[in-house]
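Geometric and topological summary
Chain by chain, the residues run as shown.
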6 protein chains.
Amino acid sequence: MGLHHYSQVIKDTVDKLSESASYKGLCHQVRDGEPFPSSEVLSEIIALSRALLFPGFYGDSIVNTNTIHYHIGVNTERLFDLLFQQILAGLCFDNNCDSNTEYNLDFLRESALKKAAEFIEYLPKIRAVLATDVEAAFNNDPAAHSQAEVIFCYPGLRAICNHRIAHKLLELGVPLIPRIISEMAHSETGIDIHPGATIGASFTIDHGTGVVIGATAILGHNVTIYQGVTLGAKNFPLDENGNPIKGIARHPIIGNDVIIYSNATILGRIKIGDGAVIGGNIWVTHDVAPGARLQQSNPKK
Amino acid sequence: MGLHHYSQVIKDTVDKLSESASYKGLCHQVRDGEPFPSSEVLSEIIALSRALLFPGFYGDSIVNTNTIHYHIGVNTERLFDLLFQQILAGLCFDNNCDSNTEYNLDFLRESALKKAAEFIEYLPKIRAVLATDVEAAFNNDPAAHSQAEVIFCYPGLRAICNHRIAHKLLELGVPLIPRIISEMAHSETGIDIHPGATIGASFTIDHGTGVVIGATAILGHNVTIYQGVTLGAKNFPLDENGNPIKGIARHPIIGNDVIIYSNATILGRIKIGDGAVIGGNIWVTHDVAPGARLQQSNPKK
Amino acid sequence: MGLHHYSQVIKDTVDKLSESASYKGLCHQVRDGEPFPSSEVLSEIIALSRALLFPGFYGDSIVNTNTIHYHIGVNTERLFDLLFQQILAGLCFDNNCDSNTEYNLDFLRESALKKAAEFIEYLPKIRAVLATDVEAAFNNDPAAHSQAEVIFCYPGLRAICNHRIAHKLLELGVPLIPRIISEMAHSETGIDIHPGATIGASFTIDHGTGVVIGATAILGHNVTIYQGVTLGAKNFPLDENGNPIKGIARHPIIGNDVIIYSNATILGRIKIGDGAVIGGNIWVTHDVAPGARLQQSNPKK
Amino acid sequence: MGLHHYSQVIKDTVDKLSESASYKGLCHQVRDGEPFPSSEVLSEIIALSRALLFPGFYGDSIVNTNTIHYHIGVNTERLFDLLFQQILAGLCFDNNCDSNTEYNLDFLRESALKKAAEFIEYLPKIRAVLATDVEAAFNNDPAAHSQAEVIFCYPGLRAICNHRIAHKLLELGVPLIPRIISEMAHSETGIDIHPGATIGASFTIDHGTGVVIGATAILGHNVTIYQGVTLGAKNFPLDENGNPIKGIARHPIIGNDVIIYSNATILGRIKIGDGAVIGGNIWVTHDVAPGARLQQSNPKK
Amino acid sequence: MGLHHYSQVIKDTVDKLSESASYKGLCHQVRDGEPFPSSEVLSEIIALSRALLFPGFYGDSIVNTNTIHYHIGVNTERLFDLLFQQILAGLCFDNNCDSNTEYNLDFLRESALKKAAEFIEYLPKIRAVLATDVEAAFNNDPAAHSQAEVIFCYPGLRAICNHRIAHKLLELGVPLIPRIISEMAHSETGIDIHPGATIGASFTIDHGTGVVIGATAILGHNVTIYQGVTLGAKNFPLDENGNPIKGIARHPIIGNDVIIYSNATILGRIKIGDGAVIGGNIWVTHDVAPGARLQQSNPKK
Amino acid sequence: MGLHHYSQVIKDTVDKLSESASYKGLCHQVRDGEPFPSSEVLSEIIALSRALLFPGFYGDSIVNTNTIHYHIGVNTERLFDLLFQQILAGLCFDNNCDSNTEYNLDFLRESALKKAAEFIEYLPKIRAVLATDVEAAFNNDPAAHSQAEVIFCYPGLRAICNHRIAHKLLELGVPLIPRIISEMAHSETGIDIHPGATIGASFTIDHGTGVVIGATAILGHNVTIYQGVTLGAKNFPLDENGNPIKGIARHPIIGNDVIIYSNATILGRIKIGDGAVIGGNIWVTHDVAPGARLQQSNPKK
């Protein structure tokens, strides 16, 4: 439509956008035969994982005791295949960005297969810890009618489920893919947990929109967090070029049985002691003693 | 791909994930012939409702005065059918979780039909109150060019629309489904309104990301709320086992003509009087008098 | 299903919902031959733009140096066609709402073609400024492993990309469409930037859920913003009817090299001076001097 | 994949295939703003027509007496819109091919609207004659259990339905589109009826694969035809260049109540008299008297 | 588009098409809660059946010895569910057409479940006889490179596969559904086998377009048929109203080891003896002795 | 649904269908990392080829002189990628069936890349010969209004187009894939041309349903064929086991300028001389002299 009078504009823009200088650092070129990270495939990976972990709640199969074995078999096999492919994509992507690394596709394939198998093997443990998360969410929320409602409807549980998957993949040395899986939960729920964060059992996030948990945060067991809570970094040591040094522990350590109310901001490598309660809308940058209760000063009337 | 060397891992994991002990409380088994709650069908239900309530803005039909009757006819009929099916799914789900209830599918079907019809009958009233919400949003926001822009673009209106649908379904005694409809709006807009909340006419939520309104909250007419506002519970009376007692009134009562600015947190069964203005980023846990204006104390420089 | 016994309810509701009085102001009627804004087409427009701006990261084409020219050609042509159609839809929508405007479809078509071509011509400049945003995000975040990870995974960058597109369209005088493009990013990332906001190069939003930037905000270069930050209006001058006057400058002006931490709320036409640092969870309604550092008063223990 | 070593081959081929001389007469270029014939849209047109003509058998709506009016309303409106667009596409295509015709898009639009309306107006008559075809098929086939089975399963009826639609469109002066509709039935059923053929009521085609009925054929009422029957042209008068002269009547005229068995070939502008029976696998190139019975000579043993 | 000037035409046509007299006998109304035959579901049924019968050739699963059991489990369970539903749809359809039958949905459900289970139980036998068909096609066709090619590419085998499924369903007393399954093969391959036909093992149809095999035909073992062959009825005894009497044996009986070449037409309840060879393009209406060879008389030059 | 009472039937059938003896010769197991022939990918290959050969008629791109180069570039690159993958799938499939061949995936990949590139290089020649076919069809058919109509609507041309693609792939030594491409045309048009057949320029098939052209047939230039024509084998020399010997020349050789009317059957390695005309419905098993005219003997009245 309307191309006649404007075709020169199109042609000129195409030429400009095709100049290699103009897309330097903004273009990704895949080597022959490499897979590429795919958000569609990763969505299927998450859907398959949820179907395996919570049979009958997720996945389109009508599960019953007689045939559940078939469904878990088909889903596990397919999960392994897709994971292998996306782990390989992550390894290639990483390799591609770091031009000093020697490149060996066969080696990367072997490595991806091994990591995919290790993840599959770990699935029963993920299910076991998620069972504690479901129970905690049910116990902590007077509005929850049943554990089934928690599994089926609670965004917090979905974000935690993605996190436990992404965290394991990160532990296995998979690049990029864990970050994308976290971002999928972030976009779906508004909860942004970096895959690097270490989180204990019986973890509850209620409502959850705006929650941020940083890469080096460590959370104990039975922690409860409300919407808008940040567990972030306070400041970043800079290198000689004035850029933040990567990889330093910079996020809080949260003890067991801690509750953090909505919109609280906890920054830096500080410790929040066991059983502490942090009130809403406050900014915490120093250690908090076990059992302490912090809250905002009174508003001006 | 690559299944040969890893097939034993897959087989072992399938066996572990198929052990019934491992999925106790995490698996949902549907009885013969029961429908199951479906987020795809519920998405269509919301789309049909929006098309009926705001003809020509939502829905893919090109509406005009001569043929609008046909479109509303087809959409209403389909909405009734789908609602009936999902209400039945909700009743069965609830029944399933509560093993003490006697189960009678025919009775549940009759009940679902009745509730679906009552909801359909109520649709004109939902349209009437949404008309006041649209007008309020237009009047409150200097950036809004027209009511049409509010209907077409404002996430706040979409969240309120889902809420008014979900709230009516909850009033009709439909389990689970209202919660899923709320969560759909939460995921789309970042606004989390529990279907139990009672909300008056001319309600505005601007921007809205991070808003949380609890199950027993009551809001008057002409209330305006900004992003990040929480109307939550302060603490929960515990039962003898240390678990929160379910169903107690625990969220704020907001009067008429109240404005609550961004990131304010209002907790507990307190009353915010008519015409009060609550400033941003503050934490309120006591009653506020009518016409009062609260704001944060000055930051430390 | 079950229509027999309830058909009268359906019929009556259809009649009520079809009464023109009941949908006054809530119904949109398109004139003959006009296109209508389509969120599906706008999604494709954003996908095409991302594929053109970051080749190989977005879009399903496997890009390589030999054939990139073909892909950019096809995508640019299609982008022009779709943009033309949606810009026209926006012009018609606007025209439709303002019944005093004289209506001339041929004139609107010419205007839409011209605006679409001007946008296409501007694409290389959008790519250039986004390159500075990518670099800034990488430098500011110790968790980022590479610029590629920023492009591929960071929601902040996606929101900024949509904003730079929407802002240009607004400058070209396109109604409604820029707002929808902003809302698409808002729904995907929880970041709500009004298309009217003016934002300098090297802009970073980290995590981002709950960020709100108002229509008349002006941001300098190298600004960094964290989750939950509001750059909003403090209050609105009212007209003689008590409604806010539209179009007045009412949002903050942020200088160069400013950092604003999570959940800070900055309201009104105030100035935050170059190099200032605003701490988290605070409410700022007065000018802040260049280089100043604001933070929350200590919480009550 | 594998583009590196073969990119020169691709580049050279692209250049060759892009030379305008190489696609002369094989390329179709649409003028600005013209629609193009679309087999997907035409499939929807046929589906809508079948849903209107045989409610409840075709179309995904569950029809009942109370709501059928809504469904027919929505389907008729949409059929009109799609038909208008495809008729316009046909007029433009035709115009495009004939470069001597003066081109006036507004005139073609008016013409397309008029033809679409005339077709819609004619639909009840198409339903009435198809009712005679259904009855005839049921009466002629001992294997048919009910008229419902004929409507739902018989390919002959689908081909006749497409033909009666295509024939009316041809009568209304619509180019190209009738031919595509015929070909859709041909591909689905193996029955190839040129839209120009004139066919009376109570027409039966049983099995039907391989049936060919030419453009100028005329069939009376109550004709029955089996698989593989050709009603074709014998030879074509040539013009001075040795090419067949277009538009001459060259196919058979079949009387009322004629039966033609499988694989019979009837060629040329001959007349088959009322009540004649033509046996299978024979070649007929002369007139056949009313009531005559032709059959193949005995095979050699 | 263009609705304004033509809306009266649309309205009038809608009214005419909605008059119940005009769709008498052409409309199908489903009773509450009944399923309806669905060509999409039946396509999935055929796809599942092919995947079960020829694992790895059909179906999207990558089969291997270790996991084939899971895939066959999931596919069999789903096939049972879908078959149950479509058999029920067939029973209801039949019941609906025959208004004298007393109607009992629960009884029909029980009956459908029983028939579905009997079909599932019979699947291994269908696989066994199809194995003989594959072998025969490979042996009979010099162009076939492997049995795998026959399974993967030969339309004859697909038609036979559909037939063996449809024939079993007919034997089980399922109405309508077998006919639709036959028609699906007819449309895909041009081969029209009535589900009633009885066909022995090692059956080959080569090329196949235009083949017709009637409802009461009986074929022995090791029969080979080429394209365009008809095994049809010669004439039909009429009842007192002049309509064909339904259900009489009227198609040929073909012995073992018979070959019938292309476009031969064999009509009536005649017997073709074992080992006979019927040449192409001939019409046979009398018995043929075992071992006989028939061919067409020489053409006139 | 209804699984409870019938689960034992399902379980038993699954066990039977999973016994390896029961699927011997009927199951295809892919080796690690091999692609598999995919009818969906092959459909896209044909669609891309048609879009390249007849720009603007096929493919969804709106072609114009200024941008056609971009479209042909993108389509050629994608065609190369998909072809490479499917050719590799064909080579693996063939290899898999022939267990004596030594297996080397890298070698097969190199081979597939080479064949894909050779095919791409040959595309301009396919376009050139198809141009003669289009012209011939237009000249031969008085019902054709334009060459554009032939390209857009004529099934004969689609079948010839698929054949010329499949034939080239066969010449390049690609297994299986050419056969599937032929079958796709067969299913769409009812025209069954074995990819091995050698066919000259200016070839016309009119109507075409039921046409069969065998693997070793050779056709000269300017041949015209009507529906139902068979160019087949008469009989097959048998090997010592009574099976047909594969690969012997056994189909007719047709000269230049020959016309063969509908349903004629021409069998065996005979020669039909230049300019001969074969009448409809006859069976020819001996050579026919140049310029001869054969027709059926008169039917018995």
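For clarity, every value in this text was computed on a predicted model and none was experimentally measured.

As a further point, take the interface of chain C and chain A. One widely used convention gives an interface's size as the accessible area the parts lose upon coming together. Opposite the 63 residues of chain C that make contact, chain A presents 57 residues. Summing the contributions of chain C and of chain A, the shared interface buries around 5,200 Å²; its carbon and sulfur component is 62%. Summed over the shared surface of chain C and chain A, the result is 1 salt bridge. Salt-bridge contacts for Arg179 of chain A lead to Glu149 of chain C; the nearest nitrogen and oxygen are separated by 3.4 Å. At the surface where chain C touches chain A, the tally comes to 13 residue pairs in polar contact (both at pLDDT 80 or more). Here the side of chain C that touches chain A takes 14 residues from helix 4 (residues 105–140) of chain C, the largest share from any one element.

Under the definition given, this model contains 54 salt bridges over all chains. Between Glu44 of chain B and Arg78 of chain B there is a salt bridge whose closest N-O contact spans 2.5 Å. Of the two residues, Glu44 of chain B is situated in helix 2 (residues 39–53) and Arg78 of chain B in helix 3 (residues 68–97); the sequence distance between them amounts to 34 residues. Residues participating in the shared-partner salt-bridge network are Arg50, Arg158 and Glu188 of chain A.

Let us now look at the confidence of the model for chain A. Model confidence for chain A is summarised by a mean pLDDT of 91, while 93% of its residues fall at 70 or above. Predicted complex metrics record ipTM = 0.92 and pTM = 0.93.

Once that is clear, we can look at unusual backbone geometry. Even without being glycine, Ser202 of chain B reaches a positive phi, approximately 55 degrees. Relative to the helices and strands, Ser202 of chain B is located in the loop between strand 2 (198–199) and strand 3 (204–206). Phi at Leu176 of chain D takes a positive value of approximately 65 degrees, unusual for a residue other than glycine. Looking at where Leu176 of chain D falls in the secondary structure, it is placed in the loop between helix 6 (155–171) and helix 7 (177–189).

Let us now look at the nonpolar core. Ranked by internal contacts, the top residues of the largest apolar core, which has 559 residues, are Phe54 of chain A, Phe54 of chain B, Phe54 of chain C, Phe54 of chain D, Phe54 of chain E together with Phe54 of chain F. For Phe54 of chain F, the contacting residues outside a window of four places in its chain are Leu26 of chain D together with Leu130, Val134, Ile151, Leu157 and Cys161 of chain F.

Let's shift gears to the environment of Ile225 of chain F. All names here are of chain F. Within the secondary structure, Ile225 sits in strand 6 (residues 224–226). Put simply, Ile225 and Leu157 are 68 residues apart on the chain and 12 Å apart in space, counted from C-alpha to C-alpha. The residues touching Ile225, leaving out its near neighbours within four places in the chain, are Phe203, Thr204, Ile205, Asp206, Val211, Ile213, Leu219, Leu231 and Ile260.

What sets the pattern is the α-helix's 3.6 residues per turn: residues three or four places apart point alike. With 36 residues, helix 4 of chain C should cover 52 Å at 1.5 Å per step; its first-to-last C-alpha distance of 49 Å lies within 8% of that length. Of all the bends in helix 4 of chain C, the greatest reaches close to 40 degrees and is centred on Tyr122 of chain C; the proline Pro124 of chain C follows between one and four positions later.

Looking now at the packing of aromatic side chains. Tallied over the full model, the rule gives 48 aromatic pairs over all chains. With centroids separated by 5.7 Å and ring planes inclined at 40 degrees, the aromatic side chains of Phe93 of chain D and Phe152 of chain F adopt a geometry described as tilted. Of the two residues, Phe93 of chain D is situated in helix 3 (residues 68–97) and Phe152 of chain F in helix 5 (residues 147–153); the pairing between them involves two chains. Looking at Phe93 of chain D, the relative accessible area reads 4%, which means it is buried. For Phe152 of chain F, a relative accessible area of 12% gives the class buried.

Overlaying chain C with chain A gives an RMSD of 0.0 Å, the required rotation being 120 degrees about an axis along which the chain moves by 0.0 Å. The two molecules are tied by a three-fold rotation axis, judged by turn and shift. Comparing interface residues between copies, only 11% of those in chain C also sit at the interface in chain A, which points to a heterologous contact through distinct surfaces.

Residue and element names in this part refer to chain E. Sheet architecture is open: 5 strands sit in the order 1-4-7-10-13, paired in parallel fashion. Since the sheet does not close on itself, it has two edges, and those belong to strand 1 (192–193) and strand 13 (283–284), each with one partner. Bridge analysis of strand 4 (residues 212–213) against strand 7 (residues 230–232) gives 2 bridges, and the strand direction is parallel. Residue pairing across strands places Ile213 opposite Leu231, the latter belonging to strand 7.

What describes two packed helices is the angle between their axes and the distance between those same axes. All names here are of chain C. In the contact formed by helix 6 (residues 155–171) and helix 7 (residues 177–189), the axes pass within 8 Å of each other and the chain directions differ by 175 degrees. With respect to helix 7, the element helix 6 is oriented roughly antiparallel. Touching Pro155, Arg158, Ala159, Asn162, Ile165, Ala166, Leu169 and Leu170 of helix 6 are Ile177, Pro178, Ile181, Ser182, Met184, Ala185, Glu188 and Thr189, all from helix 7. Across the contact of helix 6 with helix 7, the residue classes tally to 11 nonpolar, 3 polar and 2 charged.

Bringing the sheet that holds strand 6 of chain F into the picture now. Residue and element names in this part refer to chain F. Strand order across the open sheet formed by 5 strands is 3-6-9-12-14, with parallel pairing between neighbours. Each edge of the open sheet carries a strand with a single partner, namely strand 3 (204–206) and strand 14 (293–294). Of the pairings in the sheet, the one linking strand 12 (residues 277–278) to strand 14 comprises 2 bridges and is parallel in character. Looking at the pairing, Ile278 lines up with Leu294 of strand 14.

Here is what the cut-offs are and how they apply
Residues numbered from 1 in each chain as written. Chains lettered and ligands numbered in written order. Predicted model: local features only at pLDDT ≥ 70, side-chain atom pairs only at ≥ 80, totals over all residues. Heavy atoms only, no water. Contact = heavy atoms within 4.5 Å. Buried area = accessible area lost by both parts, 1.4 Å probe. Salt bridge = Lys/Arg side-chain N within 4 Å of Asp/Glu carboxyl O. Polar contact = N/O pair within 3.5 Å; in protein donor to acceptor, adjacent residues only side chain to side chain. Helix = DSSP H or I, 4+ residues; strand = E, 2+ residues; numbered from the N terminus. pLDDT = per-residue confidence, 0-100. Core = buried A, V, L, I, M, F, W, Y, C linked by side-chain atoms within 4.5 Å. Buried < 20%, exposed > 50% of the residue type's maximum accessible area, 1.4 Å probe, protein only. Expected span 1.5 Å × (residues − 1). Bend = angle between axes of the 7 residues up to and from the residue. Phe/Tyr/Trp six-rings, centres within 6.5 Å; stacked < 30°, edge-to-face > 60°. Least-squares fit on C-alpha atoms with pLDDT ≥ 70 in both. Pairing = 2+ DSSP bridges. Axes fitted to C-alpha atoms, helices over the stretch in contact; angles between N-to-C directions. Parallel < 35°, antiparallel > 145°, perpendicular 65-115°, else oblique. Nonpolar A, V, L, I, M, F, W, Y, C, P; charged D, E, K, R; others polar.

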